[in-house]
Amino acid sequence: MAGQCLLSKIAEVVGGTMQGADRSISRLSIDSRQPLDPRGTLFIALQGKHHDGHHYLQAMRQRGLYSFLVRRGAATLEEGDSAVWVDDPLKALQDMAVWHRAQFRLPVVGITGSNGKTVVKEWLYQLLCPEERIVRSPGSWNSQVGVPLSVWEIDGKDTLGLFEAGISEPGEMDALERIIAPDIGIFTNIGPAHGAHFASDAAKADEKAKLFRSAKTVVFCSDHATVREALNKLPGVLLLGWGRKHDADLHIVEEHANGDRSTLQLRWGNEPFTVELPFSDDASVENALHCITLMLHLGRSTEQVAERVRQLRPVSMRLETLPALNNGTLLNDAYSNDLASLTIALGQLARTAAGRTKLVVLSDIADSGEAPEQRHAQIAGLLRSAGVEHVIAIGPAMREHAALFPAGTRFFDDADALLNALPEPPVQGAVTLVKGARSFGLERVVARWEERTHGTVMEVDLEAMRHNLNHWRERCGPQVRIMGMVKAGGYGSGAVEMARFLAHEQVAWLGVAYADEGIELRRQGIRTPVLVMNPEPVPMETLHRYQLQAEVYDHRSLRAAMDFAAHVPDAPAVHIKLDTGMHRLGFLPGDVPALLDALRGEKALRVASIFSHLAAAEDPTQDAFTRGQVALFREWSAQIGDALGYKPLLHIANSAGATRFPEARLDMVRLGIGLHGIGADAQETAQLRPVETLRTVIAQVKELDAGESVSYGRKALLAAPARIAVLPIGYADGLSRRLGEGCGRVWVHGQEAKTVGAICMDMCMVDVTRIPCAPGDEAIVFSPQHPLQDYARDLGTIPYEALTSISPRVKRVFVRE
């Protein structure tokens, strides 16, 4: 487990004073608002301009957390607390990360520069993850706080680290260099971002270059003179440059852009090779070349490099090209804004427009170091140079310098004002660049102006899921672990994204049905322990390779696990499945004596848990049977614990069982449908929040006469004139044919519209005779206002089947408040 050590060791490392009982710490928390498992978590009370973590100690105690790192004299401890007192909690956090980093010998890549750090990091992950176990900064965690929290996640199984480092003031890189201690560096570029505290770009480049003082190798663009000069001041560091000059280590011989793709003729040493990139903007080409150079340095062949970079996927929140309303195109760069990135984005705008009208939506640019008048004059000059015909400016600084901008420029205070005035792109057929600092929230403009290519979408509300998770955490108490079930595509909601969310929420385990589901989670970088609950015959070596743990449910599966463990010292632990009445997988009563005999004296095989399934926990008429299951499970698991000589985790309760049978919570509960807002009964469901919304749009509305038929088979003959709406959702999307001929319904403008005729593969028809509507209007299949339970009832099934039947081709959109 990442970063596991005793509080006493932490006190020694940070030069602090320990008070209270010594405790094992594996996780760090700095935000009292975030859900967490209090066991093994240390709350670090950081102080900032607008907050003081010491004010939230009591809130953490109420959640069962009693381990703190606090500033001397800033807090009062209570009985049961354990604490490390320090002079500076931030420095202590950083010192902990320095110590933790020093425990591991894996190669670490440190990435800095003005732009592109996150993209380079995420692309390196895409390129190298097939053969490496990679630990990397989550998102853009590159600050004085984010870097140590990221580095704390290193553990002994990682083979490569990728960490970003960002600075805004002189002196900040010293701390980050100590923490990351990179063996290899990447210096992406230098530009105006965060320039307010530096006398020049050269001074800023010198500060950033400090990250690589102890590195062996640094990758950079040798065409960037300021970067090259800063790196040349580092003694004993091998500099690997890519560029367009012949002396570059990776020489760009030729480059050609063809629409949204680029072809590069490259030379590495004496070896020429060609790569095709799935994008053509200068920023992406630059980022890809950093990645290509590093891959070659790490020994990847030119053939492997070419094959992998051809498959690179865009990193979300970085210059996306999207279809727009009014027959237009959107360039989405709504998450960063400085003069250098604006220059790059305007170049991409010109290439994408190819003669079409150009529109730029641009927010204030902050923290660039220039005088405001000079900065806005530069912005206006860039817009003119790019031939931008229409400008929409957002923010008070832009309005203040309105005289510098072209005549006809429209000014708005914020994104809300813009959207109120312009709910759609104002210029037909234009290519629109949306460029803004994160704080302006211009992603909402992109969302409103984007054209959806397939109108059917499953929206997943992660804030609602967090609410539901916390409902069971509060109900079960901090002593009970949570396993989040993400099998069957996360109950239809998207397994990978749901697993990422649950891992972030620090659930103890994830549960999948089959090994391939667990393998996909590992390939996506999810590291939370995973239990494979319905293992097909799958080699134990595969489970071992991907660090998955499977259930054993009969003597054959137990023997296979024992044989593997006898030869592989770090073989994955197993989970013993008992059949207490479900009569699916599991050891039956008659199997238990032989099971106990097999386990007595077994030293090689580790048993992580013992579990069973409740057959009818939600049904009050079956309560006697359920209690009998729990009692039998307790009896057998006690015997197994005695045979093993230790007590594995025990779990039997699903969502309903965790609510209705407190005695069944034991060490862990398994949450499935409950996470999606379905409780054990109507009373509990009312306390939860529905998570999923399935919606589509009206494609066409037809006026039909009496006697006309609708859909295949002509079974639906209209008794009277009717208005029929055609929806782009059919049984290939998961809308069952059982819902045809009036058995199913959608809601249009809050009114019920029944299905008409048979459900087609890709479409269905509904009666909107009494509902004013038009093509493009939304139709809701289910939502918080129109519950999933009602949809399942129309299907004649249960919410589980209704959710998991939604086709993968339906786009999942994950939202947060």
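Residues numbered from 1 in each chain as written. Predicted model: local features only at pLDDT ≥ 70, side-chain atom pairs only at ≥ 80, totals over all residues. Heavy atoms only, no water.

Participant: Go over the overall build of the chain, please, and point to the residues and values.
Facilitator: In terms of regular secondary structure, the chain is built from 27 helices and 41 strands. On C-alpha atoms alone, the chain measures out to a radius of gyration of 30 Å, which is about the 28 Å that the 2.2 N^0.38 rule sets for 817 residues. Projected onto the principal axes, the alpha-carbon positions of the chain cover approximately 85 × 80 × 60 Å. Across the 817 residues that make up the chain, the buried fraction comes to 55%. For the chain, contacts bridging at least 24 residues in sequence account for 66% of all contacts bridging at least 6. (Helix = DSSP H or I, 4+ residues; strand = E, 2+ residues; numbered from the N terminus. Rg over C-alpha atoms; globule rule 2.2 N^0.38 Å. Buried < 20%, exposed > 50% of the residue type's maximum accessible area, 1.4 Å probe, protein only. Contact = heavy atoms within 4.5 Å.)

Participant: How would you explain the sheet that holds strand 12 (residues 217-221) if you had to name every residue and give the values?
Facilitator: Reading across from one edge, 9-10-8-11-12-13-14-15-16 is the order of the nine strands in this open sheet, with mixed pairing throughout. Whereas interior strands pair on both sides, the edge strands pair on one side only; in this sheet they are strand 9 (134-136) and strand 16 (271-277). On average, each strand axis in the sheet is tilted by 20° relative to the strand beside it, whichever way the strands run. Relative to strand 15 (residues 261-268), strand 14 (residues 250-258) is paired through eight bridges, and the arrangement is antiparallel. (Pairing = 2+ DSSP bridges. Axes fitted to C-alpha atoms, helices over the stretch in contact; angles between N-to-C directions.)

Participant: Give a description of helix 1 (residues 7-14) that names residues and reports values.
Facilitator: Of the residues making up helix 1, those classed as buried are L7, I10, A11 and V14. Along the long axis of helix 1, the arc covered by the buried residues comes to 100°, so they all point the same way. Following helix 1 by one or two positions, G15 has its phi on the positive side, about 70°. (Arc of directions from axis to C-beta.)

Participant: So what about the layout of surface pockets? Which residues, and what values?
Facilitator: Here the second largest pocket defines a volume of roughly 680 Å³. As for the second largest pocket, its lining consists of 27 residues, of which Y491, E618, N654, I673 and Y800 are closest to the centre. Going through the elements one at a time, helix 17 (487-491), helix 24 (655-660), strand 31 (668-671) and helix 27 (799-804) are the ones with two or more residues in the lining of the second largest pocket. For the lining of the second largest pocket, the leading source of residues is helix 27, giving three residues. (1 Å grid on protein atoms, 1.4 Å probe; cavity = no way out; pocket = protein on both sides within 12 Å on 5 of 7 lines; lining within 4 Å. Points joined across faces, edges and corners; volume = space filled by probe spheres on them.)

Participant: A description of empty space enclosed by the protein should follow, citing residues and the corresponding values.
Facilitator: This structure, assessed with the given rule, holds three cavities of 30 Å³ or more. If you add up the space inside the largest cavity, you get close to 50 Å³. L735, L739, G744, R745, V746, T755, V781 and Y791 are the residues that line the largest cavity. Residue composition of the lining of the largest cavity, grouped by class: five nonpolar, two polar and one charged. (Nonpolar A, V, L, I, M, F, W, Y, C, P; charged D, E, K, R; others polar.)

Participant: I'd like a rundown of the environment of R793, residues and numbers included.
Facilitator: Here R793 is to be found in helix 26 (residues 788-795). According to the relative accessible area criterion, R793 is exposed, its value standing at 57%. On a C-alpha basis, the gap between R793 and N287 in space is 51 Å, while along the polypeptide they are 506 residues apart.

Participant: If you had to explain the sheet that holds strand 36 (residues 722-727) to someone new, which residues and values would you point to?
Facilitator: Strand order in the open sheet formed by three strands is 33-36-39, and the pairing between neighbours is antiparallel. Across the chains shown, the open sheet's two edge strands, defined by having one partner strand only, are strand 33 (700-704) and strand 39 (764-767). Shown here is a sheet whose adjacent strand axes are inclined to one another by a mean of 30°, direction ignored. Pairing between strand 36 and strand 39: four bridges, direction antiparallel.

Participant: Can you explain the nonpolar core? Please cite residues and give values.
Facilitator: Judged by nonpolar contacts, the single largest core of 110 residues is most densely connected at L502, L510, L521, I576, L578, I640 and Y791. When neighbours within four sequence positions are excluded, L510 is seen to be in contact with M483, G484, V486, A499, L502, L521, I526, T528, P529, V530 and L531. Formed by 38 residues, the second largest nonpolar core is a distinct cluster that contains I186, C221, L266 and L277. (Core = buried A, V, L, I, M, F, W, Y, C linked by side-chain atoms within 4.5 Å.)

Participant: Give me the lowdown on the packing of aromatic side chains, citing residues and values where you can.
Facilitator: What the rule picks out here adds up to six aromatic pairs. Between the aromatic rings of Y491 and Y800, the centroid separation amounts to 6.0 Å while the plane-to-plane angle is 45°, which identifies the pairing as tilted. On the criterion of sequence distance, the pair formed by Y491 in helix 17 and Y800 in helix 27 is long-range, its members being 309 residues apart. On the basis of relative accessible area, Y491 is assigned to the buried category, the value being 7%. Directly above the ring of Y125 sits R136, whose terminal nitrogen or CZ lies 3.7 Å from the centroid. (Phe/Tyr/Trp six-rings, centres within 6.5 Å; stacked < 30°, edge-to-face > 60°. Lys NZ or Arg CZ within 6 Å of the ring centre and 35° of its normal.)

Participant: Which residues make up the side chain of S284, and what are the values?
Facilitator: For S284, the location among the structural elements is in helix 9 (residues 282-297). In contact with S284, other than residues within four places in its own chain, are W123 and F279.

Participant: Please give an account of unusual backbone geometry that cites residues and values.
Facilitator: Phi angles above zero are rare outside glycine, and R714 is one such case at about 55°. Along the chain, R714 turns up in the loop between strand 34 (709-710) and strand 35 (716-717). The phi angle at H749 is positive, at roughly 50°, despite the residue not being glycine. Along the chain, H749 falls in the loop between strand 37 (745-748) and strand 38 (751-754).

Participant: Run through helix 4 (residues 117-128), naming residues and quoting values.
Facilitator: Taking 1.5 Å per residue, 12 residues should reach 16 Å; helix 4 reaches 16 Å between its end C-alpha atoms and fits that length. Of all 12 residues making up helix 4, 12 are buried, and the element is well covered by its neighbours. Along helix 4, the positions that sit buried rather than exposed are K117, T118, V119, V120, K121, E122, W123, L124, Y125, Q126, L127 and L128. (Expected span 1.5 Å × (residues − 1).)

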